[in-house]
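Structural description and commentary
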Amino acid sequence: MSKYVAKKPDSAGHIHFTDQENETWQILYERQIEVVRPRACQEYLDGITALDLPHDHIPQCDEISEVLTAKTGWSVVPVDAVIPLESFFSLLANRQFPAATFIRLREDLDYLQEPDIFHEYFGHCPLLTHQAYADFIQWYGEIALTTNKKAQSLLGRLFWFTIEFGLLQTAKGLKIYGGGILSSFSETHYALESQEPQRIAFDIEKILHTPYRYDVIQNKYFVIDDMNTLFHIKSDKIIQLVENIIEAPQAENFVVC
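This report concerns the structure included in the present document. (Residues numbered from 1 in each chain as written. Predicted model: local features only at pLDDT ≥ 70, side-chain atom pairs only at ≥ 80, totals over all residues. Heavy atoms only, no water.)

1. Examining the side chain of Glu-21
Topologically, Glu-21 is positioned in helix H1 (residues 19–36). A distance of 3.4 Å separates a polar atom in the side chain of Glu-21 from a polar atom in the side chain of Lys-7. When residues no more than four places from it in sequence are discounted, the contact partners of Glu-21 are Lys-7, Ile-58 and Ile-103. (Helix = DSSP H or I, 4+ residues; strand = E, 2+ residues; numbered from the N terminus. Polar contact = N/O pair within 3.5 Å; in protein donor to acceptor, adjacent residues only side chain to side chain. Contact = heavy atoms within 4.5 Å.)

Structure below.
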């Protein structure tokens, strides 16, 4: 359940945000853009440039979609604050990225457990201009639709430790590509600079065996060497790995995040 209610588009497909909501976007955007510039991967920064997000108001879905469709065939669709998993997977499988049309309250400025429109637009949409990232998310939606809830729970770990909280090793050092990090002021610093979390070389089997919590800053991050790694993850072998874990005697230790 969410304490937030998503706004409904009008007959022209536009969402009317209040002055205060637009001011909240401006606070978040202007603070976060300075934090991510030296810490985000170049692919994300290229996406930010391509989207040309406004700093002083929340953009409309069709403005984002116009750029994404031209780049990778994706679009953004407005959704309720909470949607069923099957609806989420179906949208991804059809290259439609769901964005809940609410923005956090000022008391939630620094931390929000659920994804708001700032998280979706600022955290994820820039990298939806990158083909490997965009294709991986579509594949993820397609594969999740073919599985049961236990398998989806394990596949959720793959999404979590890549699309939401992934790190990338580059020639310029460790960078961020996970949208959950890039839209969080505190975690953007923490993920790269804190001595507390583990930073683990990317390993699908390890990821599938690693539970996570959504209500705290992460204590583990997985590091890929190239954004195209996401393209190469797309394999039927993953389903076999998931099935092997579910069928193992200790499976109940693995399927609950």
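2. Observations regarding the packing of H1 against helix H9 (residues 185–193)
For the pair H1 and H9, interaxial distance at closest approach is 9 Å and the crossing angle is 10 degrees. Classed by the angle they form, the pair H1 and H9 counts as roughly parallel. Together, Arg-31, Gln-32, Val-35 and Val-36 of H1 and Phe-185, Thr-188 and His-189 of H9 make up the contact between the two elements. Looking at the contact of H1 with H9 residue by residue, the classes come out as three nonpolar, three polar and one charged. (Axes fitted to C-alpha atoms, helices over the stretch in contact; angles between N-to-C directions. Parallel < 35°, antiparallel > 145°, perpendicular 65-115°, else oblique. Nonpolar A, V, L, I, M, F, W, Y, C, P; charged D, E, K, R; others polar.)

3. What to know about the environment of Glu-43
Here Glu-43 is to be found in helix H2 (residues 42–51). Once the C-alpha coordinates of Glu-43 and Leu-241 are considered, the two residues, 198 residues apart in sequence, prove to be 30 Å apart. Setting aside anything within four residues of it in sequence, one finds Glu-43 in contact with Leu-127, His-130, Leu-168 and Met-227.

4. Things to note about the nonpolar core
By size, the foremost hydrophobic cluster in this structure holds 75 residues, and its most contacted members are Tyr-44 and Tyr-121. Look past the residues within four positions of Tyr-121 in its chain and what remains in contact with it is Trp-25, Leu-51, Leu-53, Ile-58, Pro-59, Gln-60, Cys-61, Ile-64, Val-76, Ala-99 and Pro-126. Ranked by size, the runner-up nonpolar core spans eight residues in total, among them Val-79, Leu-91, Phe-102 and Leu-112. (Core = buried A, V, L, I, M, F, W, Y, C linked by side-chain atoms within 4.5 Å. Buried < 20%, exposed > 50% of the residue type's maximum accessible area, 1.4 Å probe, protein only.)

5. Brief notes about the sheet that holds strand S3 (residues 167–170)
Pairing is mixed across the open sheet formed by four strands, whose spatial order is S4-S3-S6-S5. The strands lining the two open edges of the sheet, one partner per strand, are strand S4 (173–176) and strand S5 (198–201). Across the sheet, the axes of successive neighbouring strands diverge by a mean angle of 35 degrees, strand direction being ignored. Pairing analysis gives four bridges linking S3 to S4, with the strands arranged antiparallel. By the bridge assignment for S4, Gln-169 is matched with Leu-174. (Pairing = 2+ DSSP bridges.)

6. As for helix H3 (residues 61–72)
Taking 1.5 Å of rise per residue, the 12 residues of H3 would be expected to cover 16 Å, and the 16 Å separating its terminal C-alpha atoms lies within 8% of that figure. Residues of H3 that are buried include every one of Cys-61, Ile-64, Ser-65, Val-67, Leu-68 and Thr-72, and no others. The arc enclosing the buried residues of H3, seen along the axis, measures out at 165 degrees, which places them on a common side. Along H3, the residues that are exposed and aim more than 90 degrees away from the buried face are Glu-66 and Ala-70. On the buried face of H3, the contacting elements are H2, strand S1 (75–79), helix H5 (117–124) and helix H6 (131–145). (Expected span 1.5 Å × (residues − 1). Arc of directions from axis to C-beta.)

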